Every structure is written in structure tokens, then in C-alpha cells.
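A look at the structure
Here are the chains, one letter per residue:
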Amino acid sequence: MDLRLGEKYEAFRSEVRAFLREHWPLRGADAQLAPERQEKLFRERALARGYVYRGFPRLYGGSEQAPDALEDMILDQEFRTAGAPRDIRGIGPAMLAPTLLDCGSEEQRIRFIPPTLRGDLRWCQGYSEPGAGSDLAALSSRAVLDGDSWRIDGHKIWTSEAQSADYMFGLFRTEPDAPKHAGISYLLIDMRSKGIEVRPLRQMTGGADFNEVFFSDVRIPADSIVGRRGEGWKVSRSTLKHERNLIGDPRYLRNSFDSLVELARRSQRNGRPALEDSSVRQRLAEIEGYVCSQEYSGQRQFSAALRGQELATLLPILMNKLYSTDAMQRITRLAFDLLGGDGLVAPVAEEYGMASQLRTSGGWVAQYMFAIANSIAGGASNIQRNIIGERGLGLPRDPRAK
Amino acid sequence: MNFGLSDEQELLQEALRGFCANECPPNRLRELFDAASGHDASLWKGLAELGVLGLIVPEAYGGAGLELLDLALVAEVMGQAALPGPFLGHQLVSLAVASAGSEEQKRVWLPRLASGEAIGTVALAEDAAAWEPESFRAQVQGNRISGSKCFVPGAADADLFLVGVAGGGLALVERKDAGVSIADQNGVDRTRPISRVELSGARCEPLSGGAQTARHVRDAGLCVLAADAFGAASKLLQITLAYTGTRQQFGSVLTQFQAVKHQLANMATELEPTRALWWYAAHAFDQIASESERAAAIAKAHVTDRALDVARGAVELHGGIGFTWECDVQIWFKRLMFDRAFLGNPELHRERSARLAGW
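Residues numbered from 1 in each chain as written. Chains lettered and ligands numbered in written order. Predicted model: local features only at pLDDT ≥ 70, side-chain atom pairs only at ≥ 80, totals over all residues. Heavy atoms only, no water.

Details of the nonpolar core
Going by this rule: Nonpolar core, defined: a set of buried Ala, Val, Leu, Ile, Met, Phe, Trp, Tyr and Cys residues in which side-chain atoms within 4.5 Å join the residues together. Each residue is assigned to one of three classes by its accessible area relative to the maximum for its type, calculated with a 1.4 Å probe on protein chains only: buried under 20%, partly exposed between the two thresholds, exposed over 50%. Secondary structure counts use DSSP, requiring at least four H or I residues in a row for a helix and at least two E residues in a row for a strand, with both numbered from the N terminus. Note on definitions: a residue-residue contact is assigned when non-hydrogen atoms from the two residues lie within 4.5 Å.
Grouped together as the largest cluster of nonpolar side chains are 134 residues, with contacts concentrated most on B:L47, B:I145, B:F161, B:L162, B:V173, B:L264 and B:W278. Looking at which element gives the most residues to this core, the answer is helix α7 (residues 210-244) of chain B, with 17 residues. Not counting the four nearest positions on each side in its chain, B:L264 is found in contact with A:L393, A:L395, B:L237, B:T240, B:L241, B:T244, B:T255 and B:L317. Counting 46 residues, the second largest nonpolar core, distinct from the first, contains A:V52, A:F112, A:I113 and A:V235.

A look at the pattern of salt bridges
Operational definition: Here, a salt bridge means any Lys or Arg side-chain nitrogen found within 4 Å of an Asp or Glu carboxyl oxygen.
Following the criterion strictly, the structure yields 70 salt bridges over all chains and no others. A salt bridge links A:D120 to A:K40, with the shortest nitrogen-to-oxygen separation between them at 2.8 Å. One end of the pair, A:D120, is in the loop between α5 (106-118) and β1 (123-126); the other, A:K40, is in helix α2 (residues 35-48), with 80 residues separating them in the sequence. Relative accessible area serves as the criterion here: at 28%, A:K40 is assigned to the partly exposed category. By sharing partners, the salt bridges in this structure join A:E286, A:D326, A:R330, B:E270, B:D305, B:R306, B:D309, B:R340 and B:R350 into a single network.

Quick look at the side chain of A:S193
Its location among the elements puts A:S193 in the loop between β5 (184-190) and β6 (196-201). Setting aside anything within four residues of it in sequence, one finds A:S193 in contact with A:V218, A:R219 and A:I220.

Describing the packing of aromatic side chains
For clarity, the threshold we go by: We call Phe, Tyr and Trp rings a pair once their centres come within 6.5 Å, taking the six-membered ring for Trp, and we label the pair stacked below 30 degrees between planes, edge-to-face above 60, and tilted otherwise. Note on geometry: a ring has a charge over it if NZ (lysine) or CZ (arginine) is within 6 Å of the ring centre and within 35 degrees of the ring normal.
One pass over the full model with this rule turns up 27 aromatic pairs over all chains. Relative to A:F215, the ring of A:F172 lies with its centre 5.5 Å away and its plane at 85 degrees, an arrangement referred to as edge-to-face. Separated by 43 residues along the polypeptide, A:F172 in strand β4 (residues 167-173) and A:F215 in strand β7 (residues 210-221) bring together distant segments of the chain. Neither residue differs from the other here; A:F172 and A:F215 are each classed as buried. Each member of the aromatic cluster is reached from another via a ring pair, and the members are A:F12, A:F19, A:W24, A:F42, A:Y51 and A:F79. Lying over the aromatic face of B:W359, B:R294 brings its terminal NZ or CZ to 5.6 Å of the ring centre.

Re the interface of chain B and chain A
Defined as follows: Buried area, as used here, totals the accessible surface that two parts lose on assembly, with accessibility defined by a 1.4 Å probe and the loss added over both.
If you look at the interface, chain B gives 42 residues, while chain A gives 47 residues. Between chain B and chain A, a total of about 4,100 Å² is buried, with carbon and sulfur atoms accounting for 61% of that surface. Inspection of the chain B/chain A interface yields seven salt bridges. Across the pair A:E390 and B:K261 runs a salt bridge whose closest N-O atoms are separated by 2.7 Å.

Overview of unusual backbone geometry
Along the chain, A:W24 connects to A:P25 via a cis peptide bond; the corresponding omega equals 0 degrees. Inspection of the secondary structure puts A:P25 in the loop between α1 (7-23) and α2. Notably, A:E64 is not glycine yet its phi reads approximately 50 degrees, a positive angle. Take A:E64: it is sitting in the loop between α2 and α3 (69-82). On the basis of relative accessible area, A:E64 is assigned to the partly exposed category, the value being 48%. For B:F250, which is not glycine, the phi dihedral falls at a positive 50 degrees. By the secondary structure assignment, B:F250 is in the loop between β8 (248-249) and β9 (252-253).

So, the environment of A:M204
Structurally, A:M204 is set in the loop between β6 and β7. Judged by its relative accessible area of 66%, A:M204 is exposed.

Section: the packing of helix α4 (residues 91-103) of chain A against α5(A)
All names here are of chain A. Here is the rule we go by: Note on geometry: axes are C-alpha line fits, over the in-contact stretch for helices, and angles between N-to-C directions span 0 to 180 degrees. Should an angle lie under 35 degrees it is considered roughly parallel, over 145 roughly antiparallel, and from 65 to 115 roughly perpendicular; all remaining angles are considered oblique. Here a crossing is called left-handed whenever its near helix is offset anticlockwise from the far helix by less than a right angle, and right-handed whenever the offset is clockwise.
Where α4 meets α5, the axes come as close as 10 Å, and the angle between the chain directions of the two elements is 160 degrees. Considering their axes alone, α4 and α5 lie roughly antiparallel with respect to each other. The crossing of α4 and α5 is left-handed. Along the contact surface, α4 presents G92, P93, A97, L100, L101 and D102, while α5 presents Q108, R109, F112, I113, T116 and L117.

By themselves, these are just geometric observations and shouldn't be taken as functional.
Written as C-alpha cells, this is what we have:
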């Protein structure tokens, strides 16, 4: 083992640091602009230097850098330390744009990728349906080709950001007679189309981050399909390989854990900081065992990927989601206990925002509930256990529909 | 940057796995377990020939001059095989002499330890809770030591004891000294039996570095125990996968039932990511001095805790047969009980890691 990066990459790190020192935060007149304008301006400068949207061709608004995972890691660390904005997050840039890069038509790429990367075009994802959650291929919302348009009828659910999104990328059954996984197509839908109704779903937190979306006789142009008819399943899978960066991020665990230690420092037990209480110290130290395991396991997976040896780390890769959402539940559970009576008070709206997260008791209460939601979203824990059991340990598959 | 093993390290593990499979097959392991002697001269000789007894002894003294991570990787395989023998204590004595011995002590002991001709072990605890250097009480007067040590692994076969002395330092005591007497304790792990050692004015030679050396040796021990526990727990998982994959109930193999599949997935998920935890702890011991003490404490506490969870699941998934003497699960279960309790329980090391973090 050798955890040093070597001269070439240390030089790259210094270069990035120097850039950040000079450009973020913005100076002079630029610093007077509205925050979103500042971010935009900074992102343009970072783009010119090749620091953002590195995987996207210049033609589509990216900076087209040769893939280099270590440089990406360094950029990530340094931008984070400086609090500087990097690639816009969210499913548009992270999922839709790479999918179009792989499977979209040239016209679709030019039309959709640049505004998505700039943040001018916002997306929601239409996969889940009331009868198709874990068993996504059971979806039944239909799109029928009718002349030069698709006619859509159906019902999507758990659609985050549907209220504010400009477009939806979604899966619809286009060949009703084909077997389950076949017969599904990947469509891009203007959310302002006639016949779309968005109804917010109120969550247990009181907030409404996701929605139901109803389609009745919605018409969209025939060229809204990505990839070929009936191959939507394959198109949606092409995005999965881009998802690895989004899940099981160990820094998220470490940051949350650090906030937990701070909370224990601020909270009182028997008139002393809770951090001095031996049962609290024991629980904290045990949770840190999980956090460290995921942190180092992540580094191990990263190293293996650098060498093209992902197969050697397949088992821990399959475990990332279950392991980290479980660790996050442990973190927020201890926080909830440390809050004592303050855990009885429901969070207020601002405490859901990223900025206030884990800094107020309401933020922790919200996070305690969200940690459970995260164990469900993107493949519930029992689905993860099936994947680990079947693909990782070679156990027999569950009975499945044909 | 590479958070991974070298080809040499993988070959070392492979060679040792082959050795264990050939030299200590299930029937032989069972014989040694039932005899509870904890030592087999031919196994020991084989380990010497493989070069693993002198793995961390400097080359100048006849060893392979490798690092703690290499030793931890060896310990993982030993745990997997539940290989009986005084390996753990032997390695810690070698490390202590190599890092804090005088030139004379190194010259006298290291070549013999590396070749396996002399067997070493550690005599640290004086009661159930006293593993830390600050709690050693054995008194040294001049070059004589008196005190009472317990839970000394492999004492019956050892030639050289590494003894914790009042003030936290370490000293070497030879088994053949008239002031040394040994009484077996009925150890729970029959692959690594333990004894009480009475020292009544036995001749001793101090090592340099005082409590600092003792902590250094302790940290190495924590990494080795974590690795052994990881190996033992992964073996239990393997045994349990094989059993539940063939055992039928209600007309299906057990693994066809989601309750069983999910329990196995949970056991694996608790365990597998901890591999990187003890790798890191051993690497930190070798290369990142500022983090080594804390990393070792976290690794020992966490790995042995998770390993025992796996052991519990292994017994439960075997059903009644899992609780019998006849079932091999007990061999590794007890190996894990040793790994968890030796050098201190998770609680002790969690409190230390909290203190070291400045909490």
C-alpha cells in the first residue's frame, strides 16, 4: 500500500489551489452580483480551465478532459475545501446528460446537454409507478405512436422536483405485447405539455419533495424518444455506470459524523457536555468504526478502479448503498438521542435546506427522518440485500416473473 | 496512490493458504483442537520453512524484513485456518526485540526467533481488566523480576517471555530461569491455550523505550488480532454459506428463503468493509505514525465486534447442530472470543480512541 499521490498529482493540486485562491470567492464588482450570477461566472472560468464538466465534449458545453480519476478526486477535494461550486448537481447533469451522450441523437445532444449543464434546463425522472417500485419493469404507463406524436396516458410516482422541472426523462410501455423488460421506451417530455398534472406528495417530514404525475392524452413529438423503440430499459441502464459517483460517498458520512461529534460537544448530560459521558463516547466510537470502514473501503474500491480491477472489489461495491445508508441511520439516531426533548420539536422549513443541515436541532430531526428515506430511495435495503446475496455471495435468485 | 496489496503480498497469502490446507486439514485441526495443546512441532517447522516466523525480523538477523501489513495478512489466513500455535505472542516478541532490543539482545534472540528454534510469547495482563501498560505491576529489583501474569498464550511451549513491568516498560525473561513457574488455565480457545506465569525473582533484561515500546507492541498486537478475527469470521461465513446452501427444509435449500438470504447478506455486509479498516491500521503502523495508535484501536474494537456478530449468525443459521461440540463452527467461534478479549475488549479501545481523538 502507498497512499501518496506522487509529484505529478501534487503539482496538479497546487495548480488547482492557486486557481481557487484567485477566483473564489469572486472579487471587486463581481462580488456584488447575485449569488447565482456569481456561481455562473465562476463556473465559466473553471470550465475554461478544464475543471468542470470534464467528461463532456466542448461542443456540448463541457471542458473535454482526458479521463483521470485522481485529478477528479483532487478537484473534488479542493473545490469542497474552498466551498467553490463545481458541476451543477442533480439528475439532469448527472443522469440525463450522460445518457444522451451515450444514446441520444446528435440533435438531442446539442439541444439538451448545454442548457442542462448550465442549469438552465431542469429535469425530473419518471421511472417509478404505483405498481412498479422495486419491480420497475412492471411499469404500465403507456405511450402510443400516433402519426407524428406519442400519446401518453399513465401515472408516475415519487417524482422529485416535478413541480419545478422543465422536462421529464422517463420510461413508458410502447409495445404492450412484448415481454416485461422489452417493450419499454425512453422518452423526453416537456412538463408544460397539455394533459400533465403534478400533485405533490406530503412526506412524513411535512415537506413535499416528490410528487405524483398524471398523464392523460398528453401529446409529445415523435422524435422525443432516446434510443430505439422498445429499448428504453437498455438506455436507462446506460446511465447506471455514471451513478457510482453519486452513491456511497464516504465524505458525506465523515462530514455528518464530524457534525455529530460537535453536537455531542454542545449537548448536555448531567450538567456536563454529553461528549464526556462514557455511554455517548462508546456509541460515537462504535459508529466511527463504521465510518472508517466505509472510508477506507471506498479508497480501496477507488484504487482498484484506477487499475481497472473493479472485479476484485465487486463485493464491497455491491454493499456501498446498504452500508452507508445504515451508517447514516446510526449517526442520526445517536443525534436524535442527544437532542433529548428537542427531538420532540418538528423542523421548520429552512432546516430542510442543505445549508442548515446538521447545524440545528431541527436539521438533525429532519435528517433522522431523511436517513430512513435514503434507505428506501434508489433501491430499498431489502433489494440491496438480494443483490448482495445473489450477485455477491452466489445465493439462488428469488422467484421472478417471466 | 494504491490502497491495495502487492503481487508479493497476494502470493504470500496464497502460499500460506496452501500450506494450511495441506498441513492442517479438517481432521488434523480437529485432533489438535481436541488435544488443546495449541502447538504442533511439524506445523511450526513448516511455518518456519515458509519464512513466516521471521517475517518482520530484519534481514540482518535472519528474517524477511517485512512490515506489519504483511504480518496482518498472514494473520488473516491463520484465522481462516484457525491454525493452532503460539504465533501471535511469538511475533510480538520478535517485534519488540527488533524495535527496542539492545544490539546484544537482537544478536542473541532474533535469529533464533526467526528460525522458530526459540518460541516467544507475551506476558502482559495481571488481571482481567489490566491490559494497559500503566496497569502492569510486576516489580523489578536490579535484574530480578517478581509478579504474577495471566492469559499468557503458548506459555507451555515458549522459551522467551516478553513481560510487562511496573511503570509500563517491557522486559525479557527466559523460560528456563528457576524463578519462572507456569500453570495452565483452561483457555476457551483450544487453538491458542493460555497459562498463568509466576515470576519469583526471575532474571530479566529490560527493553528500551519504556511504556512507549509497550504501546507500540500493543498496537501491533491489536492489528494482528483484528486480522485474525477477520479471517476467522470470513471462514465462519463461508462454512455457513455452504451449510445453508445444501441443508433442505420445506423442500428447499435454506438460501432460497429470503429471511436466510438477507441474514447472510447482512453478515457479509457487516464484515467485508472492515477488511479495509485493518489493512489501513496495519499500513498506518508501518507508514503513518501519527495515526497508528488510533487506527489500531478502532480496527481491533470494530473488527472483533462485527466478527462476533457474524459468529452469532453462523451458530444460529446452523440451528441445533451449530451448538454441538461435533460442529466445527465452535472452533472459529472460540477463536473469535480470544481475539476479542485478548489485549482488551472493544470498550477499552473505544474509550482510548475517543481520548486520542480529543473527545
